[in-house]
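Here is what each chain is made of, one letter per residue.
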Amino acid sequence: RQVDHRSDMWSWALCMLHMFAGRILWKIGPEGGPALEKYLAEGPAQPDMPVMPAELADLLRRCFRDNPDERPADMMACSAVLSAVYQ
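Residues numbered from 1 in each chain as written. Predicted model: local features only at pLDDT ≥ 70, side-chain atom pairs only at ≥ 80, totals over all residues. Heavy atoms only, no water.

Looking at this structure, how should I read the packing of helix H1 (residues 5-21) against helix H3 (residues 54-63)?
Angle between the axes and distance between the axes: these two values describe a pair of packed helices. Direction vectors running N to C along H1 and H3 enclose 145°, while the axes themselves pass 8 Å from each other. Crossing geometry of H1 relative to H3 is assigned as left-handed. Where H1 abuts H3, its residues Met 9, Trp 10, Trp 12, Ala 13, Met 16, Leu 17 and Phe 20 lie against Leu 56, Leu 59, Leu 60 and Cys 63. Counted by class, the contact of H1 with H3 contains eleven nonpolar, no polar and no charged residues. (Axes fitted to C-alpha atoms, helices over the stretch in contact; angles between N-to-C directions. Helix = DSSP H or I, 4+ residues; strand = E, 2+ residues; numbered from the N terminus. Left-handed = near helix turned anticlockwise from the far one by under 90°. Contact = heavy atoms within 4.5 Å. Nonpolar A, V, L, I, M, F, W, Y, C, P; charged D, E, K, R; others polar.)

Where do I start with the pattern of salt bridges in this structure?
Two side chains of opposite charge can pair, provided their charged atoms sit close to one another. Here the structure, examined in full by the defined rule, presents five salt bridges. Across the pair Arg 6 and Asp 4 runs a salt bridge whose closest N-O atoms are separated by 2.7 Å. Accessibility expressed as a relative area gives 28% for Asp 4, which makes it partly exposed. Taken together, the shared-partner salt bridges connect Asp 4, Arg 6 and Asp 69 into one network. (Salt bridge = Lys/Arg side-chain N within 4 Å of Asp/Glu carboxyl O. Buried < 20%, exposed > 50% of the residue type's maximum accessible area, 1.4 Å probe, protein only.)

Looking at this model, I keep getting lost on the packing of H1 against helix H2 (residues 32-42). Mind explaining?
In contact at an axis separation of 11 Å, H1 and H2 are set at 25° when each is read in the N-to-C sense. By the criterion of interaxial angle, the relationship of H1 to H2 is roughly parallel. The element H1 and its partner H2 pack so that their crossing is left-handed. Residues Trp 10, Leu 14, Leu 17, Phe 20 and Ala 21 of H1 form the contact with H2, whose own contacting residues are Gly 32, Ala 35, Leu 36 and Tyr 39. Grouping the constituent residues of the contact of H1 with H2 by class yields eight nonpolar, one polar and no charged. (Parallel < 35°, antiparallel > 145°, perpendicular 65-115°, else oblique.)

Got a minute to help me understand the packing of aromatic side chains in this structure?
The geometry of an aromatic ring pair is captured by two quantities: the separation of the ring centres and the angle between the planes. Applying the stated rule across the entire model yields one aromatic pair. Seen from their ring centres, Trp 10 and Phe 64 are 5.1 Å apart, and the 70° between their planes marks the pair as edge-to-face. Residue Trp 10 is located in helix H1, and its partner Phe 64 is located in the loop between H3 and helix H4 (75-86); the two are separated by 54 residues in the primary sequence. (Phe/Tyr/Trp six-rings, centres within 6.5 Å; stacked < 30°, edge-to-face > 60°.)

How do you make sense of the side chain of Arg 71 when you look at a structure like this?
Within the secondary structure, Arg 71 sits in the loop between H3 and H4. Although Arg 71 lies buried, it forms no salt bridge, and the closest oppositely charged side chain, Asp 66, sits 5.8 Å away as judged by the N-O distance. A polar contact is formed between the side chain of Arg 71 and the backbone oxygen of Arg 6, at a distance of 3.3 Å. For Arg 71, the contacting residues outside a window of four places in its chain are Arg 6, Ser 7, Trp 10, Arg 62, Cys 63, Arg 65 and Asp 66. (Lys, Arg positive; Asp, Glu negative; His and termini not counted. Polar contact = N/O pair within 3.5 Å; in protein donor to acceptor, adjacent residues only side chain to side chain.)

Structure representation (structure tokens):
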């Protein structure tokens with residue numbers, strides 16, 4: 001398949017996961033979804049790191065969907081979720 005802006009949603013989700021996990025839980029990008037589930041089961045690497053809010057985990061799950069059409073369309077679609085989580 002041709003790579004387009006929807007692959008950026010996957011990459012962004014990997015960055016967010018890395019930030020919350022405090023470590024890389026995957027060897028290659030396609031392992032993002034299972035890595036997210038591993039993080040959610042185990043929690044952050046350090047006890048003083050914040051736990052990922054459930055709403056953000058749901059957003060990252062959408063970003064890791066295999067079908068690019070099922071991922072958020074762009075960062076504007078993610079920003080509303082991020083704003084709500086921040087509130």
